[in-house]
Amino acid sequence: MNMPALIKRAVVHGSAPAFVSSEGTRTYRDLMEHSGRLAHMLLGESMDLKEARIGMLISPGFQYAAAQWGVWRAGGVVVPLCLSATESEWEYALSNASVSGVVIATETLPGILPLCQRLGIQVFEMPPEDASQREEWPVIDANRRAMMLYTSGTTSKPKGVVTTHANIQAQIEGLVKAWEWSAEDRIPLFLPLHHIHGIINVMSCALWSGASIEPFTRFDMAAILDRVRADAYSLFMAVPTIYVKLIHYLEGLQEAERSLFTEAFGRMRLMVSGSAALPASVHAQWSQLTGQRLLERYGMTEIGMALSNPYQGERRPGSVGVPLPGVRLRLQGEAGDLIAEENLPGEIQVQGPAVFSEYWDQPELTKDAFQDGWFRTGDMAVLERGYYRIMGRLSVDIIKSGGYKLSALEIEAVLLEHPNIRECAVIGLEDATWGEIVAVAVVVTEPTSFELDSLQEWCRQRLSVYKTPRRLLVLDALPRNAMGKVTKPAVSDLFKR
Ligand code: MCA
Ligand code: AMP
């Protein structure tokens, strides 16, 4: 049986519960059976999908994992789609990846069916329990492509980050070791499954370890807190925005009720924050409320997790700790010099088996992303008393909002299609809940009234909710430097006035 390492392990975990929800318990054996049936259906007469790209539009849960494994066992590459994306965002990903089929769940079918029909893409639903299986399976070498995730960056359109089975295995193994995952662990899964925080850090690490997952279709605070209070979880992983929202909610409760939740959080063995900077003040508030010292870590779609505060040892607020097992990391100064001392800032560059193989169909961008075999993250950091601290990003065009990475350029390109926008500049404004919020300064073509509400309404058809502008300034002209280039720091200043 030459299958991806993650799936091989399912055989060992057998009848252990993999997914637990109000709809029942699904075991590792169920995952093998369901994924096998889907793989058989996807393969049809073929012996191997040979890295055909297969889209997935399924909520977090058993069906998602079974579909992912089914595509892998058939030799395909999974392209998970964002559940809340607009049709044009789906169309971009499906076309860019040349997706040949999409696996959907019954509830997501109506949203995407017309698009798939228009693009001539086959749609698959998970096969019924009595569907047939097959005996012979393709051989899945670890170096074959496994997954493609769309990430926003310094290009206006998102790039498809391709990882192999070996990359994924390395990403999982580093975390399982560092955070001491075990089959006893129980974790809620409420993060979206088109990014690695949910896919790798939560779902795949749990399945690798034989742990059990309780899925939620979204961050449903009331339902999750109910289960926290019942001591349902040993582990919890979330973005900083979620901790901020939890703090607001818990602080609004009467002491007696609050302590039922805070004490339960305090009993978990580990709570992790990542995907965006966790303010030291939030770290302190969470510790005061629950007694838990959040473990902050740093990662990126292209490299998996790279830095982490230790599981055992000091978890320092405002720092992201030290390289995870298997990660080689260096800092490069502005002048191209390698930084050998503490307290000097530089760009984080990373090497190791977890680093992605390519941006899909973008050999030039892939080449530019590496320097002498080191992946250039575009994030600045400094080493202080043995721990790395993230200082910010090299590009002002990258915004992190609610843990999502957004490209200012992508949003600008869409906004410029608005009939009344002549020019615009999108920036990220600091925000206590979301980390950053999207703000846009526009110059209009017609001096009629131009309101944020109607702009948001217009955006709803074109951009995911988290890319929608939250602040608007209408200007006579955008601030520019002597070369005529828009200066985004000056745009930020205008918002702060
Ligand atoms: C939604 N709203 C926002 C934003 N998003 N407002 C400002 N900025 C935003 N970004 C508004 C909506 O319009 C709505 O307003 C209200 O907030 C509630 O929206 P909803 O979507 O229901 O919010 P939520 O369900 O509470 O979602 C918040 C969330 C979600 C749970 C934090 O954004 C989330 O799941 N983020 C995680 C993303 C993630 O997994 N990133 C990892 C990427 P109204 O009420 O007025 O309608 S991987 C990565 O980054 C690397 C590898 C790493 O290191 O992990
Ligand atoms: P993504 O492209 O969605 O994978 O986002 C990766 C980016 O998130 C990184 O390049 C960082 O800019 C940011 N990031 C992730 N974790 C942290 C963290 N703990 N502190 C600050 N920034 C982070």
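Shown above is the structure to which this text applies.
Read on for a plain summary of the structure.

Criteria and thresholds
Residues numbered from 1 in each chain as written. Chains lettered and ligands numbered in written order. Predicted model: local features only at pLDDT ≥ 70, side-chain atom pairs only at ≥ 80, totals over all residues. Heavy atoms only, no water. Near = heavy atom within 4 Å. Polar contact = N/O pair within 3.5 Å; in protein donor to acceptor, adjacent residues only side chain to side chain. Areas by Shrake-Rupley, 256 points an atom, 1.4 Å probe, with all protein chains shown as cover. Helix = DSSP H or I, 4+ residues; strand = E, 2+ residues; numbered from the N terminus. Nonpolar A, V, L, I, M, F, W, Y, C, P; charged D, E, K, R; others polar. Pairing = 2+ DSSP bridges. Phe/Tyr/Trp six-rings, centres within 6.5 Å; stacked < 30°, edge-to-face > 60°. Buried < 20%, exposed > 50% of the residue type's maximum accessible area, 1.4 Å probe, protein only. Core = buried A, V, L, I, M, F, W, Y, C linked by side-chain atoms within 4.5 Å. Salt bridge = Lys/Arg side-chain N within 4 Å of Asp/Glu carboxyl O. 1 Å grid on protein atoms, 1.4 Å probe; cavity = no way out; pocket = protein on both sides within 12 Å on 5 of 7 lines; lining within 4 Å. Points joined across faces, edges and corners; volume = space filled by probe spheres on them.

Take the site of ligand 2 next. As a matter of local geometry, ligand 2 sits amid 16 residues, with Glu296, Arg297, Thr301, Asp379 and Lys405 nearest to it. Within the backbone of alanine 277, a nitrogen or oxygen atom sits 3.5 Å from a nitrogen atom of ligand 2. Measuring from a nitrogen atom of ligand 2, one finds a backbone N or O atom of arginine 297 at 2.7 Å. Out of a free accessible area of 500 Å², ligand 2 has 94% covered by protein chains. Listing elements by their share of the shell around ligand 2, those giving two or more residues are strand S13 (295–300) and strand S21 (387–393). With five residues, S13 is the largest single contributor of residues to the shell around ligand 2. Here the shell around ligand 2 is composed, by residue class, of six nonpolar, four polar and six charged.

Working definition: the strands of a sheet are paired by backbone hydrogen bonds and lie parallel or antiparallel to each other. Sheet architecture is open: five strands sit in the order S11-S12-S13-S14-S15, paired in mixed fashion. The strands lining the two open edges of the sheet, one partner per strand, are strand S11 (235–238) and strand S15 (322–323). Pairing between strand S12 (residues 270–273) and S13: two bridges, direction parallel. Looking across to S13, one finds that serine 273 is bridged to glutamate 296.

Turning our attention to the site of ligand 1. Taken together, 26 residues are adjacent to ligand 1, and Ser275, Arg297, Lys400, Ser401 and Gly402 come closest. Separating an oxygen atom of ligand 1 from a side-chain N or O atom of arginine 218 is a distance of 3.0 Å. Here a nitrogen atom of ligand 1 and a backbone polar atom of glycine 402 are 2.9 Å apart. The fraction of the free accessible surface of ligand 1 (1100 Å²) that becomes covered by protein chains is 75%. For the shell around ligand 1, the secondary structure elements donating two or more residues are helix H7 (196–209), helix H9 (240–251), S13 and strand S22 (398–401). Considering only residue class, the shell around ligand 1 consists of twelve nonpolar, nine polar and five charged.

All chains considered together, the criterion is met by 13 aromatic pairs. Taking 5.9 Å as the distance between ring centres and 75° as the angle between the ring planes, the aromatic pair formed by tyrosine 92 and tyrosine 150 counts as edge-to-face. Of this pair, tyrosine 92 sits in helix H4 (residues 87–96) while tyrosine 150 sits in strand S7 (residues 145–151); the two residues are 58 residues apart in sequence, bridging distant segments of the chain. Assessed through its relative accessible area of 19%, tyrosine 92 is described here as buried. Here tyrosine 243 and tryptophan 286 contribute two aromatic rings whose centre-to-centre distance is 5.3 Å and whose plane-to-plane angle is 65°, an arrangement assigned as edge-to-face. Here tryptophan 286 lies in helix H11 (residues 280–290) and tyrosine 243 lies in helix H9, a separation of 43 residues in the sequence.

Once that is clear, we can look at the nonpolar core. General note: in soluble globular proteins, nonpolar side chains tend to be found buried as a group. Core analysis: the biggest nonpolar cluster contains 84 residues, and Phe19, Leu31, Trp69, Val103, Trp181, Met203 and Leu207 have the highest contact counts within it. Ranked by size, the runner-up nonpolar core spans 42 residues in total, among them Leu94, Val102, Ala408 and Leu455.

In this section: the pattern of salt bridges. Across all of its chains, the model carries 20 salt bridges by this definition. For arginine 145, the salt bridge is made with glutamate 51, and the minimal N-O distance between the two is 2.7 Å. Here arginine 145 is found in strand S7, whereas its partner glutamate 51 is found in the loop between helix H2 (28–43) and strand S3 (53–57), with 94 residues between them in sequence. Given the relative accessible area of 26%, arginine 145 is considered partly exposed. You can call glutamate 51 buried: its relative accessible area is 15%. Across the pair glutamate 314 and arginine 316 runs a salt bridge whose closest N-O atoms are separated by 3.1 Å. By relative accessible area, which is 40% here, glutamate 314 ends up partly exposed. Look at arginine 316 and you get buried, because its relative accessible area is 8%. Salt bridges linked by common partners bring Glu51, Arg145 and Glu358 together as one network.

What follows deals with the layout of surface pockets. The computed volume of the second largest pocket comes to approximately 660 Å³. Lining the second largest pocket are 24 residues, with Ser21, Glu23, Pro60, Gly61 and Pro215 sitting closest to its centre. Ranked by residues supplied to the lining of the second largest pocket, first place goes to strand S1 (residues 17–21) with three residues.

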